[in-house]
Amino acid sequence: MSVPRLNKEPSVRLGIDASNIRAGGGQTHLIELLAAARPDQHGFDRVIVWSNASTLSRIGVSDWLCKVNIPALQRSLPKRVAWQQAMLQREAAKAQCDVLFVPGGTYLGSFRPYVAMSQNLLPFEWQEARRYGLSSFTSRFLLLRGSQSLTFRRSNGTIFLTEYARNTVLTAINRPKLNSVIIPHGVDDRFRAAPRTQAAPHAFSDSHPFRLLYVSTVAPYKHQAKVIEAVELLRNQGLPITIALVGAMDPPQPNLMEALHRIAQSGGWAEWQGHIPFESLPRVYYEADAFVFASSCENLPNILLEAMASGLPIASSDRGPMPEVLGKAGVYFDPEDAASIAAALQLLFTDSELRGELASSAYEEASRYSWQLCAERTFAYIAQVARESGKGNPA
């Protein structure tokens, strides 16, 4: 599809390869980024996005935006990769693009210049990927490690979401001086809720328990089973604590399901609620008393940001970028040690003053993450890369 240039200067065009953006955090990032973008402020007069019909339907309309539906991108992974390899460069040339943005993290074509983005750290933390054993998941991580390593090495610039992620990836691909920048995602304003008054421990009972919440995909590196074990330790001490797990399960976790079945027959203090639509999540956060996040591998923990913005006291894993994001606004634990998790949760339960201080600090920290700032910095960086590559004259 050829897009006519607008008659104004500077005339700089950005193409966005969203060929593998289909769901989850990657799709949310693209939608929110374009909703908040003001590309003309950085010298871009047109932004062209190639993606599937489903993703494009969720992206808003702007006079500077051209959404190109590619039927092949609705099909299987091999067909999507084939289109990217064989057709994307041709499409970008027809649209007279000056620079390409690859938020999906994989691009092996020959168009230059391009800016890549790292959003998946599992391929670069082998000790975490190994939790999936001999499976199709592990094979996929290995393929992604190879393709994304090559993508980042060849890029004219790469965006990382946290300092931890940048250090991890650059060490893995042996490119310590790669042109890169850290630009974190934002938080949807629907999650922002001022911290509530914290009840004293004696205010909780079996009929009015202390309600823990853990929102995340149920996966081996998320350690939901260890969290259940930790809560059981506290309940055996007489603490009236319950926990709700929210998130799709992939792959199946037999040990967790067996534990949940056993608990359902003996009190029902732990519940897996499965996937809940994004639009309904703010209410889920608001109804909780505290949040627990036990992941051991993250690039940028968007869910942790949501909990922070929701004004909740938080107990968090001490791995990965979590201390970088949460800072001093939480209590930390070893996500692979149920006793460590239990100690952090017990501290939250017994100390209402600490809960209030942590919730307020987390809420304040979350204010630093906005989609407006993310969009501003992203387009400024892409413009810088284009300018340094001699493409157009982005402001």
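Residues numbered from 1 in each chain as written. Predicted model: local features only at pLDDT ≥ 70, side-chain atom pairs only at ≥ 80, totals over all residues. Heavy atoms only, no water.

> In this structure, what is going on with the packing of helix α1 (residues 24-36) against helix α14 (residues 371-388)? I would like to understand it.
In helix packing, the relevant descriptors are the interaxial angle and the interaxial distance, both defined with respect to the helix axes. For the pair α1 and α14, the least separation of the axes is 8 Å and the interaxial angle reads 85°. In terms of axis orientation, α1 runs roughly perpendicular to α14. Taken together, the residues of α14 that come into contact with α1 (itself represented by T28, H29, E32, L33, L34 and A36) are W371, Q372, C374, A375, T378 and F379. Class assignment of the residues belonging to the contact of α1 with α14 gives a composition of 7 nonpolar, 4 polar and 1 charged. (Axes fitted to C-alpha atoms, helices over the stretch in contact; angles between N-to-C directions. Helix = DSSP H or I, 4+ residues; strand = E, 2+ residues; numbered from the N terminus. Parallel < 35°, antiparallel > 145°, perpendicular 65-115°, else oblique. Contact = heavy atoms within 4.5 Å. Nonpolar A, V, L, I, M, F, W, Y, C, P; charged D, E, K, R; others polar.)

> When you look at the sheet that holds strand β12 (residues 314-317) in this model, what are you seeing that I'm missing?
Sheets are built from strands that pair by backbone hydrogen bonding, the pairs being arranged parallel or antiparallel. Spatially, β10-β9-β8-β11-β12-β13 is the arrangement adopted by the 6 strands of the open sheet, whose pairing is parallel. What marks the edges here is a single partner per strand, and that holds for β10 (270-272) and β13 (331-333). With strand direction ignored, the average angle separating the axes of adjacent strands in the sheet is 20°. With 6 bridges connecting them, strand β8 (residues 210-215) and strand β9 (residues 241-246) associate as parallel partners. Each residue of the ladder has a partner; that of Y214, found in β9, is L245. (Pairing = 2+ DSSP bridges.)

> Got a minute to help me understand the pattern of salt bridges in this structure?
Charged atoms that come close allow side chains of opposite charge to pair. For the coordinates displayed, the defined rule picks out 15 salt bridges. Note that E128 and R131 form a salt bridge whose closest N and O atoms lie 2.8 Å from each other. Taking relative accessible area as the criterion, E128 reaches 3% and is therefore assigned buried. Here E298 and K222 are joined by a salt bridge, their closest N and O atoms 2.5 Å apart. Highlighted residues: E298 in the loop between β11 (290-293) and α10 (302-309) and K222 in the loop between β8 and α7 (224-236), separated in sequence by 76 residues. The pair formed by E298 and K222 is uniform in burial state, with each residue classed as buried. A single salt-bridge network, built from bridges that share partners, covers E128, R131, D318, R319, D334 and E336. (Salt bridge = Lys/Arg side-chain N within 4 Å of Asp/Glu carboxyl O. Buried < 20%, exposed > 50% of the residue type's maximum accessible area, 1.4 Å probe, protein only.)

> What's the story with the side chain of T168 in this structure? I'm lost.
Within the fold, T168 resides in helix α6 (residues 163-173). By relative accessible area, T168 is classed as buried at 15%. A distance of 2.9 Å separates the side chain of T168 from the backbone oxygen of Y164, its partner in a polar contact. (Polar contact = N/O pair within 3.5 Å; in protein donor to acceptor, adjacent residues only side chain to side chain.)

> Help me understand the sheet that holds strand β3 (residues 65-69) in this model?
The 7 strands lie next to each other as β3-β2-β1-β4-β5-β6-β7, forming an open sheet whose pairing is parallel. At either margin of the open sheet sits one strand with a lone partner, and together these are β3 and β7 (180-182). Averaged over neighbouring strand pairs, the angle between their axes works out to 20° when direction is ignored. Here strand β5 (residues 114-117) pairs with strand β6 (residues 157-160) via 3 bridges, running parallel.

> Whenever I open this one, the nonpolar core confuses me. Can you help?
Side chains that are nonpolar tend, in soluble globular proteins, to be buried together. Core analysis: the biggest nonpolar cluster contains 99 residues, and L34, I228 and I243 have the highest contact counts within it. Top contributing element to this core by residue count: α14, with 9 residues. When neighbours within four sequence positions are excluded, I243 is seen to be in contact with L212, Y214, V227, I228, V231, W269, A270, E271 and V292. Of all hydrophobic cores here, the second largest spans 34 residues; its members include I48, L88, F152 and L178. (Core = buried A, V, L, I, M, F, W, Y, C linked by side-chain atoms within 4.5 Å.)

> Even after reading the chapter, I still don't get the environment of Y363, so can you show me in this structure?
Turning to its location among the elements, Y363 is positioned in helix α13 (residues 352-366). In contact with Y363, other than residues within four places in its own chain, are R192, A193, A194, P195, M308, A309 and G311.

> For this particular structure, what's the right way to read the side chain of S155?
Within the secondary structure layout, S155 lies in the loop between α5 (136-154) and β6. Among the polar contacts made by the side chain of S155, one reaches the main-chain carbonyl oxygen of F152 at a distance of 2.9 Å. A distance of 3.4 Å separates the side chain of S155 from the backbone oxygen of G157, its partner in a polar contact.

> Which parts of the structure should I look at to understand the environment of S147?
Assignment of secondary structure puts S147 in helix α5. Measuring from C-alpha to C-alpha, the distance between S147 and Y107 comes to 7.6 Å, with 40 residues separating the pair along the chain. When residues no more than four places from it in sequence are discounted, the contact partners of S147 are T106 and L108.

Geometric values such as these leave the question of function open.
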